[in-house]
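One letter stands for each residue in the lines below.
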Amino acid sequence: MDENGADGAADTADTAGGPADTAGGPADPLADADIYRVLGPDGSPLSDATVPDLSDEQFRAIYRDLVVTRRFDERAVSLQRQGRIGTYAPCAGQEGSAVGSTHALADDDLISYQYREHGAVVVRDLLGEYLPYWMGHESGTEAIADGNVFPLNIGIAAHLPHAVGAAWAFDYQDEDRVVACHFGDGATSEGDFHEAMNFAGVFDTPTLFCCHNNGWAISIPGERQTASDTFAQKATAYGFDGVRVDGMDPLASYAVTREAAERARGTGDDAESDDPRPVLIEFVEYRFGAHTTADDPTAYRDPDDVDPWRALDPLDRMEAFLRETGRIDDEGVAAIRDEAADIVADAIDFAESIEADPRDMFDHAYAELPPEVRRQRDELLGAVEEHGEDAFLREE
């Protein structure tokens, strides 16, 4: 495995993006990038590209999960604007990396989530259980943990050492499991990133460091984030491989993650031994919208800069691939879109059926409440009992 992507990527797939533009559209922003790709901007496999050996059903499942994720993202932004959920991190444009990489993992592999990889939760069929988190219910994070997804981590890079620790535990206990740890390019500026990478390299933990390079660390562009040519090359300092992949190409994301997972398990075709080795995957992609619903991207980037990346939309490319290869037609696309709408609607109905309990604020921070926190809890619950819950509800 080298920095271009999967082992032998330079021999099995074009790293250039194909034509500079498609049908007179904007130039492909990754046309000259030295990264691993399977699909061109128009969804056609690149010349000599190795398309993953998947069944028709598996290809359609990837597309279905992309559509569900996009539908969920659109509805979640709308819900936030209506005041029905809290601040939310949109993922439009980045669905391909989260969905493709998760499909490449085993069901019991652990995913350490940052806050934008909603597609991973969709693939694990946890959307209904997950949405309550964004409405303030801790049951949402508890539910995804039951599906081998670590709860969301808002502290940048703080979850990386924990992910490495979990992977180390799997190795120590001889469990055939890997940890896919997701984070943004901004996390590479935090000390936790370097500590986690160093530990993983020294102790050969079965960890996939999934760096989502979407061009921006909130409002800081990549060129001001690091002097390194790539984020993938940072792995070299810690003694393991770093690879770059088109994160807006679901099939390339799948292929690179699958091979990285085999390397992490010590079962890859070119593995020198049975020892697991970590891998850093740089998913090169772009977020179409804001960092969160509390952000205004027009304050730091030109809206016209987004247009070339929209031509690489992972949903459009995957749908075009399926149509071109005869795996889906208009009726199949319509059925998946209808299914996605129903799945998201059901998730919203379920999440809004959960009634808030003020006790929940105190139940998950400490095994035994400190005296001052216990006093605050008793004071609040006493006031609710005295004045009724309606006195504490916001008027619509």
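Quantities reported herein were computed from a predicted structural model and do not represent experimental measurements.

Caption draft 1: Structural context of the overall build of the chain. From N to C terminus, the chain includes 14 helices and 8 strands. Against the 2.2 N^0.38 benchmark of 21 Å for 396 residues, the chain shows a C-alpha radius of gyration of 22 Å, consistent with a compact globule. Counting across all 396 residues of the chain, residues that qualify as buried make up 52%. For the chain, contacts bridging at least 24 residues in sequence account for 70% of all contacts bridging at least 6. For the chain, the exposed area adds up to about 17,800 Å²; of that, 46% sits on carbon and sulfur atoms. Averaging the positions of the 30 positive and the 83 negative side-chain charges in the chain gives two centres separated by 3 Å.

Caption draft 2: Representation of a negative patch on the surface in the model. A surface patch of like charges, here negative, comprises D302, D304, D305 and D307. For D302, the position within the fold is in the loop between β8 (279-284) and α11 (307-310). Taking the relative accessible area as the measure of exposure, D302 reaches 38% and is therefore partly exposed.

Caption draft 3: Summary view of the pairing of β8. Taking burial as the measure, the 6 residues of β8 include 6 buried ones, the bulk of the element. With burial as the criterion, each face of β8 is covered, one bearing V279, I281 and F283 and the other bearing L280, E282 and V284. As paired strands, strand β7 (residues 241-246) and β8 are joined by 6 bridges and run parallel to one another. Residue pairing across strands places V243 opposite I281, the latter belonging to β8.

Caption draft 4: The nonpolar core, seen in detail. Counting 67 residues, the largest nonpolar core has Y130, L208 and M318 as its most contacted members. With 9 residues, the top contributor of residues to this core is helix α2 (residues 56-81). Leave out the neighbours within four places in its chain, and M318 touches F59, I62, Y63, L66, P250 and L251. If you look at the next biggest cluster of nonpolar residues, it comprises 23 residues, including F170, F183, A235 and F240.

Basis of the calculations
Residues numbered from 1 in each chain as written. Predicted model: local features only at pLDDT ≥ 70, side-chain atom pairs only at ≥ 80, totals over all residues. Heavy atoms only, no water. Helix = DSSP H or I, 4+ residues; strand = E, 2+ residues; numbered from the N terminus. Rg over C-alpha atoms; globule rule 2.2 N^0.38 Å. Buried < 20%, exposed > 50% of the residue type's maximum accessible area, 1.4 Å probe, protein only. Contact = heavy atoms within 4.5 Å. Areas by Shrake-Rupley, 256 points an atom, 1.4 Å probe, with all protein chains shown as cover. Lys, Arg positive; Asp, Glu negative; His and termini not counted. Charge placed at Lys NZ, Arg CZ, Asp CG, Glu CD. Patch = residues over 30% accessible without salt bridge, like charges linked within 9 Å, V, L, I, M, F, W, Y side chains within 5 Å. Salt bridge = Lys/Arg side-chain N within 4 Å of Asp/Glu carboxyl O. Pairing = 2+ DSSP bridges. Core = buried A, V, L, I, M, F, W, Y, C linked by side-chain atoms within 4.5 Å.

That is the geometry; function is a separate question.
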